[in-house]
2 protein chains.
Amino acid sequence: MTRRKVSNPLALAVLSLLLERPMHPYEMSRTLRERNKEGSIKLNYGSLYSVVDKLVAHGLIEPQKTVRDGRRPERTVYGATSAGRAEFEDWLAELLAIPVKEFSQFEAGLSLLPGLPPEEVVDLLDQRCVQLEHSLASSEAILKASAPSLPRLFWIEWDYVRTHLETDLHWTRKLVGEIRDGSFDGLADWRAFHTDDTPPDLADPARDVPADDTRGSDTRGVGGADKDTTADVPQRKASGRKGRLKSV
Amino acid sequence: MTRRKVSNPLALAVLSLLLERPMHPYEMSRTLRERNKEGSIKLNYGSLYSVVDKLVAHGLIEPQKTVRDGRRPERTVYGATSAGRAEFEDWLAELLAIPVKEFSQFEAGLSLLPGLPPEEVVDLLDQRCVQLEHSLASSEAILKASAPSLPRLFWIEWDYVRTHLETDLHWTRKLVGEIRDGSFDGLADWRAFHTDDTPPDLADPARDVPADDTRGSDTRGVGGADKDTTADVPQRKASGRKGRLKSV
DNA sequence: GCCCGAATACTCGATGCAGAGTATTCGGTG
DNA sequence: CACCGAATACTCTGCATCGAGTATTCGGGC
């Protein structure tokens, strides 16, 4: 019951292509690739064929003929129906008008940030910045390559992602800066939590209550989860991980 | 083969909670909600229980005891193993250090923008701006509410999303402005494509070739896809969609 | 003491999707 | 003319995910 009968955005791209001209599935995939739409619409064959089938089942597209080139196997050419055109326009309008909350991996990571010590976080975010710079460079390469040959309308989505990459990079750099120069709010507690052998309940919501209890309180004494919380562990972790991630 | 044995970010949150103290699944969900982590990590019960089972199966967490409050059904309390701690730290480090490309709905919409006429796009993006302003306002409300009681470390992810919302809003406003004041590159062709009854092949990659063919060429004459491409249709579509979307 | 709604604590089946795998054919090279 | 790698054109299976559904229990009002 996801509102749309076919919810995969790839279906929208298929409709778009078939409104332009009839095609067979493989041609759709090639066309999307040629136009650099692969970067904005996830394309894989499994989904493509199942999406086409579903569009047919709902009467949004229909097989028009089958052709064969040389001795290649037969391919079915599909075309959009007028119901398909209506669905395309309505769906695209919705995508443009109504922002939807999407969950990013990085956001999830940020929300669990207290789980790593600040020094290591700085290291990791530095690595992230380097990667973002690379992504940014290749985005800009695409823009440079497209701009002379095609009007802006056809590479507008690249401008959008580039802008967001920039924002991301600046935000991350700023955060790294704050942690590094010590101006980050609560930095001392954060560090202490990871160096003490009996860390305070940093992440507990009952934290606004003045911390007069909680040294070995019952909430932590249940046992099991505390093993290997020794002082040397952070060192081992840091070096071990740094080595692995650099090699990636 | 998704690299991790359990790939759902919810599993990372579970590990994080269980490293803090042992819990039963329902308590995990409540805790995540109390801490406003629901906004950054998608939580639903189906996933939660299957993720817990999988973590157990891979030895990253383990059942510790079963308790019952009053006459409530028994609940299983889980705790993290040391393998679980290692997985948590490694995974979180990866999330922070390595940016992954994620496909947003809006980006997909942008990449198919030529499918709607510019006037309608302006309308739709205006609506988007209004929605984004609302999201931004509620993000800021959360920040205002959290800032006095908790150090920045615990609401850093809200700062991140707020920043991206702002970028998004500014970018969209700018685009709307360009289309509206006519400075958008290729605007005339875009509009013509949607008002002419025999539109040029605007979106075709063979566009750098001077358009000396393609008036009623065989690629469009296959029939079916062209019906209801009459001049009055855009009016009807626009008003119809505007009505519907406003009511949402 | 009874009723109602909210919270508790899950279960389960359908669906969608990823992506590895397969089989064929074309084009270029030695 | 034989071969090899790249491109063509799919298929198939397993797994994750989703969210609706269920059954129970607590708390508060009347």
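Attention in this report is confined to the structure presented alongside it.

## A word on the relation of the copies chain B and chain A
In this structure, two copies of a chain are linked by a rotation about an axis accompanied by a shift along it. In the superposition of chain B on chain A (RMSD 0.0 Å, axial shift 0.0 Å), the rotation amounts to 180°. Taken together, these values place the two copies in the relation of a two-fold axis. Taken together, the interface assignments show that 99% of the residues at the interface of chain B recur at the interface of chain A, consistent with an identical surface on both copies.

## Some details on helix α6 (residues 118–146) of chain B
Along its 29 residues, α6(B) runs 41 Å from first to last C-alpha, staying within 8% of the 42 Å computed at 1.5 Å per residue. Inspection of α6(B) places Pro118(B), Glu120(B), Val121(B), Asp123(B), Leu124(B), Leu125(B), Arg128(B) and Ser139(B) among the buried residues, and these make up the whole buried set.

## Quick notes on the environment of Arg173(A)
All names here are of chain A. Within the secondary structure layout, Arg173 lies in helix α7 (residues 156–180). Residue class for Arg173 comes out partly exposed when judged on the 15 C-beta atoms lying within 10 Å of it. Between the C-alpha atoms of Arg173 and Leu125, which are 48 residues apart in sequence, the distance is 8.0 Å.

## Structural notes on the interface of chain B and chain A
With 85 residues of chain B in contact, the opposing surface of chain A contributes 85 residues. Contributing elements (two or more residues each) for the side of chain B that touches chain A: α1 (9–20), β2 (75–80), α4 (82–97), α5 (105–111), α6, α7 (156–180), α8 (187–195) and α9 (233–247) of chain B. Counting residues per element, the side of chain B that touches chain A draws most heavily on α4(B), which supplies nine residues. Residues belonging to the side of chain B that touches chain A are distributed by class as follows: 44 nonpolar, 20 polar and 21 charged.

## Here's the deal with the packing of α6(B) against α7(B)
All names here are of chain B. Interaxial distance between α6 and α7 falls to 9 Å at its minimum, and their mutual angle equals 155°. Taken as axis vectors, α6 and α7 run roughly antiparallel relative to one another. You can see that α6 and α7 cross each other, and the crossing is left-handed.

## Brief notes about unusual backbone geometry
Even without being glycine, Asn36(A) reaches a positive phi, approximately 60°. Structurally, Asn36(A) is set in the loop between α2 (25–34) and α3 (45–57).

Criteria and cut-off values
Residues numbered from 1 in each chain as written. Chains lettered and ligands numbered in written order. Predicted model: local features only at pLDDT ≥ 70, side-chain atom pairs only at ≥ 80, totals over all residues. Least-squares fit on C-alpha atoms with pLDDT ≥ 70 in both. Contact = placed C-beta atoms within 7 Å. Helix = DSSP H or I, 4+ residues; strand = E, 2+ residues; numbered from the N terminus. Expected span 1.5 Å × (residues − 1). Buried ≥ 20, exposed ≤ 12 C-beta atoms within 10 Å, placed from the backbone. Nonpolar A, V, L, I, M, F, W, Y, C, P; charged D, E, K, R; others polar. Axes fitted to C-alpha atoms, helices over the stretch in contact; angles between N-to-C directions. Parallel < 35°, antiparallel > 145°, perpendicular 65-115°, else oblique. Left-handed = near helix turned anticlockwise from the far one by under 90°.

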